[in-house]
Structure formats: C-alpha cells, structure tokens
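# Architecture and fold: a report
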Protein chains: 2
Amino acid sequence: MTPATGAPLGLGVLASGRGSNLQAILDATAVPGFPARVAVVVSDRERAQALERARARGVPAVWLNPKDFGDRPAYDAALTGALEAHGVGLVCLAGFMRILGPAFVRAWAGRILNVHPALLPAFPGLAAQRQALEHGVKVAGATVHFVDEGVDTGPIVLQASVPVHPDDTEESLSARILVEEHRLYPEAIRLFAERRLTIVGRRVLVR
Amino acid sequence: MTPATGAPLGLGVLASGRGSNLQAILDATAVPGFPARVAVVVSDRERAQALERARARGVPAVWLNPKDFGDRPAYDAALTGALEAHGVGLVCLAGFMRILGPAFVRAWAGRILNVHPALLPAFPGLAAQRQALEHGVKVAGATVHFVDEGVDTGPIVLQASVPVHPDDTEESLSARILVEEHRLYPEAIRLFAERRLTIVGRRVLVR
C-alpha cells in the first residue's frame, strides 16, 4: 500500500472548490522530509481553485468533467485511472462534492481519507457547521476519517475540538474549525505514510 | 422560577447511585456566595450513597421507593410533592436511573438539568463512554443540558471535551470525563441561578 522506505507516498487529492485543505497539504508536503507528496490533483469542476493551486506548485492538475462520462461507474473508473497513472497510494478528499461509488470505495478501501467539519458521529453530511449551530452545541470540531460506503461514517483517524462562541455565525465557526482541519489533515497523512495507522473494525489504532 | 435576589435557589438533586456529581454540587454550593443550595436529595434506591452524602451535610435525604407507588404518574407526583415541599426551584438529575414521565418533565419544563458523559448529540443513552470507545472517536466529553421528553435530547447548556487515549478503558475514559462533569454541573447551576440562561428553541443563550 505504501512505497518502500525512502520514496515518498504519492497523494491524489480530489477537490471541487477553493482547495484550502489542498493548500494545507501542499504546504505540509513541501517541507523536506515529509513522507508524502501530492502526485496529482483531480477536480470535477474546470474552474476549481484547487486546480490552480496545484498548477502553481507544478503538480499535475486533472479536470475530469462528469459530462464526459455516461454514468458514475464510468467516471469513477476514469478517476482510478488518473490516480493510478500518477502512482497514487493514498486518496485525500478535500471538498470533493461528488459521491464516490461503492466500486471506487472498495477498490481504494483503507486508502481514502476525508476531512469533515464536525466531531463525527455528530453532524454528518452537508453544512455540518450550520447543523451544529442549529443544534446548539457548545463544542464543535473537525474529523479526519477513512472513507467507507456511508456518508462520513468511516473509521476515525484524528479529531480536534473547538469552542462554539455565543455570537458565532456559520462563517466564524467554519473558520475556527478550518484551522483544525488544516492541522489535522497533514498529520493524518503523515501517520498513514509512516504506516502508523491500523484499522481494526471501526477503530483506528495509531502507533 | 428563581427566588428573589438574596435567597439562594433551592436545588432538588435526584440520584440513584454513588452520587459523585451530587458531591460536586454539595461542595460548590457550600462556598459562601454561591447562588444556590441543595434543598433536598431524592433517590429511588434506599442504599444509594447519594443519600448518605446528603445526610452527612445535613441536607434532607428522601427515599421514594417505586414499589410504594402503583405506576409512574403516581411516583412522579410524589417526586414533585417532595421537591415542592422543600422549595425546589431547579431539579438536577445526577445519575438518576428512572425515566421521568412526560407529565413530570412538562411540570418542571426549563427547570430540570442533567449531565451526560458524552458530547451530545453523539452517544445518548446508557454507557455513553463505551459507545464512544467502540465508535473509535478521538475526542469525547461531557454535556449539561435541560431535560425534555426525549433521551438526552434537550437544549445544551455547557459542554467540555476530553481526549480519548489509545490505551483508554471504559473506566479511564469515564474518570477523565467525570472531572469535566464535576466542573460543568456546578457552573451550569450557577448560570441558571443567576438567571443568565435563556432557552430559545433548542439553543441555550448564556448571558
């Protein structure tokens, strides 16, 4: 699953939007000695800022237009093709807004990470920060987890909490959580690349 | 709902077991100037250590034996009678293992607090710490919330997080969470007694 010692792990980052988590990953992996590098960035949106961020670092940036594919299996096969062509050993979802099909998830089982702006299992799915505010929680947070076939249900690698302030808006809470996402995601990638993660049932043991 | 300024708020603590949260409340309320005092402790179990803790502080300790009452409404009516007889303005559940009926909850709406050993809405119900460990979360915590007719679903007053350690057992995690319970519960009582809590929908505004 991971390359031999010495060769950094190849990351395939899937992103649809702004790409702030991609940027955190690009920054972390640029530090000498980091055990992974971004091998390719793939987006379903031609104008995703994530693709620009990749190009700015000389990282291959691939736009896979869903309209060019007849169905989800065909799209997911092209995705796997692009990832394999770039020697990817770990897929990192970073604001990728397409649901990945079960065949893709199975093919990359144990090799797909996602970051979610909530303390899962609380508030899975879209607009987690708004869900948290509407529920009235006083503690929110971020989760990096392995991806399984459910929505934000996979084994949890790392979590961090942040306080919810009385005057928080969705924007202010999201910004506070994002700081933790940017910290946790590279750390989870490092742990994976250093082979320090073991999935046991739905628990992730960190060595 | 709360007594006039100067008279401390009367608390009715309901407990079935060891009473460690009761002890935290007794200790906090014993500090001069604290705006509440424990007016009565009620238990459904004759041998609950909570009752001994109350007596040791000279606080009225009432055993209400469920076997003496024909059904839940009758029991809950006796409970309300005992609380009113002692001038209770806020009911604090502290390990009370009986489900309170909807009539009781409605009668005391906005005047019942509970503490739960999880970051609600995650892991409601029994054995929350075990649920958290089995789910593989990396952050756990404690919640003080108003009680509504659901199980651990009421508006959240305060929460605090604790880390989950790789070698945690149910006991070690429970002990770490309990430290936060003992800190949060008196603080929530203070906020209520100082009339600084407002329930708006399912959010609690803290002034």
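Residues numbered from 1 in each chain as written. Chains lettered and ligands numbered in written order. Predicted model: local features only at pLDDT ≥ 70, side-chain atom pairs only at ≥ 80, totals over all residues. Heavy atoms only, no water.

Looking only at helices and strands, chain A features 6 helices and 9 strands. A compact globule built from 207 residues should have a C-alpha radius of gyration of about 17 Å, and chain A, at 16 Å, falls within 12% of that. Its C-alpha atoms put chain A at 50 × 40 × 35 Å along the principal axes. Counting over 207 residues, chain A shows a buried share of 54%. Pairs at least 24 apart in sequence give 64% of the contacts found in chain A among residues at least 6 apart. Accessible area for chain A stands at about 9100 Å²; split by element, carbon and sulfur atoms hold 54% of it. Here chain A contributes 22 positive and 20 negative side-chain charges, whose respective centroids are spaced 5 Å apart. (Helix = DSSP H or I, 4+ residues; strand = E, 2+ residues; numbered from the N terminus. Rg over C-alpha atoms; globule rule 2.2 N^0.38 Å. Buried < 20%, exposed > 50% of the residue type's maximum accessible area, 1.4 Å probe, protein only. Contact = heavy atoms within 4.5 Å. Areas by Shrake-Rupley, 256 points an atom, 1.4 Å probe, with all protein chains shown as cover. Lys, Arg positive; Asp, Glu negative; His and termini not counted. Charge placed at Lys NZ, Arg CZ, Asp CG, Glu CD.)

Our next topic: the interface of chain B and chain A. Every contact between the two is made by 22 residues of chain B and, on the other side, 22 residues of chain A. Across the interface of chain B and chain A, roughly 1900 Å² is buried in total on both sides, 56% from carbon and sulfur atoms. Taken as a group, B:His135, B:Lys138 and B:Arg203 account for 30% of the area that chain B buries against chain A, more than any other trio of residues on that side. At the boundary of chain B and chain A, one finds 11 residue pairs in polar contact (both at pLDDT 80 or more). (Buried area = accessible area lost by both parts, 1.4 Å probe. Polar contact = N/O pair within 3.5 Å; in protein donor to acceptor, adjacent residues only side chain to side chain.)

Once that is clear, we can look at the pairing of strand 9 (residues 203-206) of chain B. Residues and elements named next belong to chain B. The sheet contact formed by strand 8 (residues 197-200) and strand 9 spans 4 bridges and is antiparallel. By the bridge assignment, Ile-199 is partnered in strand 9 with Val-204. From the end of strand 8 to the start of strand 9, which pair antiparallel, there are 2 residues, and Gly-201 there has a positive phi angle of about 65°. (Pairing = 2+ DSSP bridges.)

Residues and elements named next belong to chain B. Within the secondary structure layout, Thr-143 lies in strand 6 (residues 139-146). At a separation of 2.6 Å, a polar atom in the side chain of Thr-143 contacts the main-chain carbonyl oxygen of Ala-118. Side chain to side chain, Thr-143 and Gln-159 meet in a polar contact 3.0 Å long. Setting aside chain neighbours within four positions, we find Thr-143 in contact with Asn-114, Val-115, His-116, Ala-118, Leu-119, Leu-120, Ile-156, Leu-158 and Gln-159.

So, on to the packing of helix 1 (residues 20-29) of chain B against helix 2 (residues 49-56) of chain B. All names here are of chain B. Running from amino to carboxyl end, helix 1 crosses helix 2 at an angle of 15°, the nearest separation of the two axes being 9 Å. By the angle class used here, helix 1 and helix 2 are roughly parallel. Both helix 1 and helix 2 take part in a crossing whose hand is right-handed. Every residue of helix 2 that contacts helix 1 at Ser-20, Leu-22, Gln-23 and Leu-26 is listed here: Ala-50, Arg-53 and Ala-54. Here the residues of the contact of helix 1 with helix 2 sort into 4 nonpolar, 2 polar and 1 charged. (Axes fitted to C-alpha atoms, helices over the stretch in contact; angles between N-to-C directions. Parallel < 35°, antiparallel > 145°, perpendicular 65-115°, else oblique. Left-handed = near helix turned anticlockwise from the far one by under 90°. Nonpolar A, V, L, I, M, F, W, Y, C, P; charged D, E, K, R; others polar.)

Quick look at the relation of the copies chain B and chain A now. In this arrangement, two copies of a chain are superimposed by a rotation about an axis accompanied by a shift along the axis. Note on the copies: chain B fits chain A at an RMSD of 0.0 Å, the axial shift is 0.0 Å, and the rotation between them is 180°. The transformation just described matches what one would write down for a two-fold rotation axis. No C-alpha of chain B lies nearer the rotation axis than that of B:Ala122, which sits 2.7 Å from it. In this assembly the copies share their binding face: 100% of the residues contributing to the interface of chain B also contribute to that of chain A. (Least-squares fit on C-alpha atoms with pLDDT ≥ 70 in both.)

All chains considered together, the criterion is met by 6 aromatic pairs over all chains. Between A:Arg98 and the ring centre of A:Tyr75, over which it is positioned, the NZ or CZ distance is 4.0 Å. (Phe/Tyr/Trp six-rings, centres within 6.5 Å; stacked < 30°, edge-to-face > 60°. Lys NZ or Arg CZ within 6 Å of the ring centre and 35° of its normal.)

The subject of this paragraph is the domain arrangement of chain A. All names here are of chain A. The domain architecture assigned to chain A consists of domain 1 (1-108) and domain 2 (115-207). On the domain 2 side, the residues contacting the 22 residues of domain 1 number 16 residues. Approximately 1700 Å² of surface area, both sides summed, lies buried where domain 1 meets domain 2, with 70% of it carried by carbon and sulfur atoms. For the pair domain 1 and domain 2, the interface holds 1 salt bridge. A salt bridge links Glu-149 to Arg-106; the shortest N-O distance between them is 3.2 Å. Here domain 1 is connected to domain 2 by 4 residue pairs in polar contact (both at pLDDT 80 or more). Those elements giving two or more residues to the side of domain 1 that touches domain 2 turn out to be strand 1 (9-14), helix 1 (20-29), strand 4 (90-93) and helix 4 (102-107). It is helix 1 that contributes the most residues to the side of domain 1 that touches domain 2, 5 residues altogether. Of the residues in the side of domain 1 that touches domain 2, the class split is 16 nonpolar, 4 polar and 2 charged. (Domains from an automatic or database assignment. Salt bridge = Lys/Arg side-chain N within 4 Å of Asp/Glu carboxyl O.)

It is worth spelling out the confidence of the model for chain A at this point. Residues with a pLDDT of 70 or more make up 98% of chain A, whose mean pLDDT is 95. Across the predicted assembly, pTM comes out at 0.93 and ipTM at 0.92. (pLDDT = per-residue confidence, 0-100.)

Attention now goes to empty space enclosed by the protein. In this structure the tally under the stated criterion is 1 cavity of 30 Å³ or more. Residue lining of the largest cavity: 29 residues in total, with A:Leu119, A:Ala122, B:Leu119, B:Ala122 and B:Val139 positioned closest to the centre. Broken down by secondary-structure element, the contributors of at least two residues to the lining of the largest cavity are strand 6 (139-146) of chain A together with helix 5 (128-135), strand 6 and helix 6 (170-193) of chain B. In terms of residue class, the lining of the largest cavity is made up of 26 nonpolar, 3 polar and no charged. (1 Å grid on protein atoms, 1.4 Å probe; cavity = no way out; pocket = protein on both sides within 12 Å on 5 of 7 lines; lining within 4 Å. Points joined across faces, edges and corners; volume = space filled by probe spheres on them.)

Our focus in this paragraph is the pattern of salt bridges. Tallied over the entire structure, the rule returns 14 salt bridges over all chains. Close ionic contact of A:Asp168 with A:Arg176 constitutes a salt bridge, the shortest N to O distance being 2.7 Å. For the salt bridge of B:Glu180 with B:Arg183, the shortest nitrogen-to-oxygen distance reads 2.6 Å. Of this pair, B:Glu180 and B:Arg183 both sit in helix 6, separated by 3 residues, roughly a single helical turn. With relative accessibility at 15%, the residue B:Glu180 sits in the buried group. Beyond isolated ion pairs, a larger network of salt bridges with shared partners links A:Arg190, A:Glu194 and A:Arg196.

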